[in-house]
Amino acid sequence: MQSKLEDRYDTVDALIIDLDFYKEDKPVKAAKANWRQDGLLFLKRNKIGAISALLLFILILGFSIWTSIQSNKIEREKEYALAINNFLTEIFKANNPNINLGEPISASNLLNNAEAKISQIPSDELRAAMNKKLGELYQYLGLHKESGALLEQALGFYNNDKTAHRITLSEIYSSLSTYYQGISKYQESDSLIDMAISTIDLDKDNALLRAEYVNDKAYINYLMGNFEKALILSDESISIFSNNLKSTKNDLSSQLSQIWSDHSRILLSIGNMDEALKSAETAVDISEQNLTDDLPVIFSALDALYKVHEKMGKYQKAIEVSEDILKKSTKVYGEQHIETLINTGNLAAVYYKLKEYSRADSLHLVSYQGLKNKLGPYHNLTVGSMYNLATSKYSQGDYVTAASFYEQVLEADIKNLGEEHVYVGSDYMSLGMVYKANMEYDKAENYYNRSLFIYSKSLNEDHYLIADIYRLLGQLYEEKKEASIALNWYKKSLRITEIVLPPDHPDHIKTMSAIQQLEKLVGT
């Protein structure tokens, strides 16, 4: 990750998009920056001539700079910085995209050759600097495995170098945090971003960089299900960013829009839907007014808005936003791109809520099969799509298929996230619904209680997911003809939905209706 916000790669979704482009030898998308713009041109027209120019450049760079920077420390740091920037610039400028000569080459070959040549540089300090930059480049393309080893090597040198610049060290911690986040090791990711923050805290002139690290930590905690902590961190990041925005002349619209998008998702996760909507609308306003070509950030803002509308039960608005995203995504990336497949699944989810099961099912199948083919059966995106498909099958009465999918999702979520993650609680809830539909009430109640246990530990007491479990327990006891117990669960659900859901939300209306009927039945 770069020290300047405008040089940073903005979203996890954007990393996934670039990884898909990378595998297909297509151009990648990124925030504005000189060497990245050159990178887009390079990846658009790889030529074999780039290899020769690159290898010659690295060879000359590694030895000439090593012998020319033996003066004082300040001058050496200046020349290292210049050498590294030139190194990356020359990688992409070596091949003129207007010259159509030579055979196409793979970007992976280019980067692997660069890595091999860097290993031959005799200066430990320069080699560490180059490993850091190349590791960040791999990470920029979403290649976490390749980036991790290079960043660890760089960190090993800088940790032993008492003269290492704090910003440089914090950047490596931050990049390694992103690496561990990319392989779903969130505790390690959280510890490393803490080290980045503590390192940069010693330098009071980098408030915007600190704001970015704090936002990274907020997102990590969001992924771990620590929603209240994530919100506190997100508020802190926005405060720091807003208070220091005037201190830079750079256009940070992409970063600001992304921060508000993340803020909306966190607010939504704790059930604060009104504020989540405001944050999503802020993100969309910033992207529409200031951004034209930063598509991942634009899509992220629209996706945040879609999720709020969908959760609030405003399904027609959710469809409008989702169809707009899907149309733009298909036009830019194509029908089988990961971004398009995710948006297809999102649209299916809204049609599912409208009980248009046939349409939802066909869209879910497109999304699931596409993600499975590209990412494998147990990638987190594939697992999410599998969960949606299972829910669609459940709604159509295909309980055997639904249970099979839910069990696979549960296994993957426990492996990736731990036994007490909120997603695991949702998996238990879904399995409970399947067994209730089969009138296996004891099994259903067992799964509901497991879900409630996890939710109660991870969420605040008036969270809408807890209201969902109360409502489902009410339905279970209503079917068992135990009206008084059912009424008690429904009332507990209603106390929450009156706080967190709009009065016209379908779940809220269903709960009120059930209470009225049961009260007549029991004579209260």
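Here, the structure is the one placed above.
Residues numbered from 1 in each chain as written. Predicted model: local features only at pLDDT ≥ 70, side-chain atom pairs only at ≥ 80, totals over all residues. Heavy atoms only, no water.

Undergrad: Talk me through the overall build of the chain; I want residue IDs and the actual numbers.
TA: In terms of helices and strands, the chain carries 24 helices and zero strands. Of all intrachain contacts in the chain linking residues separated by at least 6 positions in sequence, the fraction that spans at least 24 positions is 64%. Element-wise, carbon and sulfur atoms account for 50% of the exposed surface of the chain, whose accessible area totals about 23500 Å². (Helix = DSSP H or I, 4+ residues; strand = E, 2+ residues; numbered from the N terminus. Contact = heavy atoms within 4.5 Å. Areas by Shrake-Rupley, 256 points an atom, 1.4 Å probe, with all protein chains shown as cover.)

Undergrad: Which residues make up the nonpolar core, and what values do they have?
TA: A general tendency of soluble globular proteins is for nonpolar side chains to be buried together. Counting 120 residues, the largest nonpolar core has Tyr406, Tyr448 and Tyr455 as the members making the most contacts within it. What tyrosine 455 contacts, discounting residues up to four positions off in sequence, is Val422, Gly425, Ser426, Met429, Leu465, Ile466 and Ile469. Core analysis: the second largest hydrophobic core is formed by nine residues, Leu208, Ala211, Ile238 and Ile259 among them. (Core = buried A, V, L, I, M, F, W, Y, C linked by side-chain atoms within 4.5 Å. Buried < 20%, exposed > 50% of the residue type's maximum accessible area, 1.4 Å probe, protein only.)

Undergrad: Just give me the short version of the pattern of salt bridges, but keep the residues and values in it.
TA: Counting across every chain of the model gives 17 salt bridges. Residue lysine 217 pairs with aspartate 190 through a salt bridge whose shortest N-O separation is 2.7 Å. One end of the pair, lysine 217, is in helix α10 (residues 207-223); the other, aspartate 190, is in helix α9 (residues 186-200), and 27 residues separate them in sequence. Classification of lysine 217 as buried rests on a relative accessible area of 7%. Here aspartate 507 makes a salt bridge to arginine 471, at a shortest N to O gap of 3.9 Å. Within this pair, whereas aspartate 507 is found in helix α24 (residues 506-522), its partner arginine 471 is found in helix α22 (residues 464-479), the two being separated by 36 residues in sequence. Look at the salt bridges and you will find they share partners, linking Asp262, Arg265, Asp303 and Lys307 into a network. (Salt bridge = Lys/Arg side-chain N within 4 Å of Asp/Glu carboxyl O.)

Undergrad: How would you sum up the packing of aromatic side chains? Please name residues and give values.
TA: How two aromatic rings sit relative to each other is set out by the distance from centre to centre and by the angle between their planes. All told, the structure shown has ten aromatic pairs when counted by the stated rule. Ring geometry for tyrosine 394 against tyrosine 399: centres 5.8 Å apart, planes inclined by 50 degrees, an arrangement best described as tilted. Through a chain of ring-to-ring contacts, the aromatic side chains of Tyr219, Tyr222 and Phe227 assemble into a single cluster. (Phe/Tyr/Trp six-rings, centres within 6.5 Å; stacked < 30°, edge-to-face > 60°.)

Undergrad: Can you tell me about unusual backbone geometry, naming the residues and giving the values?
TA: With phi around 65 degrees, lysine 355 is a residue other than glycine that occupies positive phi space. With respect to the helices, strands and loops of the structure, lysine 355 is situated in the loop between α16 (338-353) and α17 (357-375). For lysine 355, a relative accessible area of 56% puts it in the exposed group. One non-glycine residue, lysine 481, adopts positive backbone phi at about 65 degrees.

Undergrad: Requested: an account of the environment of methionine 273, with residues and values cited.
TA: The topology assignment puts methionine 273 in helix α13 (residues 273-290). Sequence spacing of methionine 273 and lysine 311 is 38 residues, and the spatial spacing of their C-alpha atoms is 8.0 Å. With residues up to four places along the chain from it excluded, the contact list for methionine 273 reads Leu268, Val308, Lys311, Met312, Tyr464, Val500 and Leu501.

Undergrad: Give a detailed account of the packing of helix α15 (residues 315-333) against α16, specifying residues and quantitative values.
TA: At a minimum axis separation of 9 Å, α15 and α16 run at an interaxial angle of 160 degrees. The pairing of α15 with α16 is recorded here as roughly antiparallel in orientation. At the point where α15 passes α16, the crossing takes the left-handed sense. Here Tyr315, Ala318, Ile319, Ser322, Glu323, Ile325, Leu326, Ser329, Thr330 and Tyr333 of α15 come into contact with α16, specifically with Glu339, Thr340, Asn343, Thr344, Asn346, Leu347, Val350, Tyr351 and Lys353. When the residues that make up the contact of α15 with α16 are grouped by side-chain class, the tally is nine nonpolar, seven polar and three charged. (Axes fitted to C-alpha atoms, helices over the stretch in contact; angles between N-to-C directions. Parallel < 35°, antiparallel > 145°, perpendicular 65-115°, else oblique. Left-handed = near helix turned anticlockwise from the far one by under 90°. Nonpolar A, V, L, I, M, F, W, Y, C, P; charged D, E, K, R; others polar.)

Undergrad: Any chance you could break down the environment of lysine 132 for me, citing the residues and the numbers?
TA: For lysine 132, the position within the fold is in helix α6 (residues 124-140). Along the chain, lysine 132 and threonine 168 lie 36 residues apart, while their C-alpha atoms are 9.1 Å from each other. Residues contacting lysine 132, with those up to four places away along its chain left out, are Leu151, Ala154, Thr168, Glu171 and Ile172.

Undergrad: Just give me the short version of the side chain of aspartate 427, but keep the residues and values in it.
TA: By the element assignment, aspartate 427 lies in helix α20 (residues 422-437). At 11 Å, arginine 450 is the nearest oppositely charged side chain to aspartate 427, a buried residue that forms no salt bridge. Apart from residues lying up to four places away in sequence, aspartate 427 is in contact with Tyr387, Val409, Leu410 and Asp413. (Lys, Arg positive; Asp, Glu negative; His and termini not counted.)

Undergrad: Can you break down α13 residue by residue, with the values?
TA: Helix length check: α13, at 18 residues, gives a terminal C-alpha distance of 26 Å against a target of 26 Å (1.5 Å per residue), a fit within 8%. Lining the buried residues of α13 we find α12 (253-269), α14 (295-311), α22 and α23 (483-500). Regarding α13, its N-cap is asparagine 272, as a side-chain oxygen of that residue lies 3.4 Å from the backbone nitrogen of glutamate 275 further along. (Expected span 1.5 Å × (residues − 1). Polar contact = N/O pair within 3.5 Å; in protein donor to acceptor, adjacent residues only side chain to side chain.)

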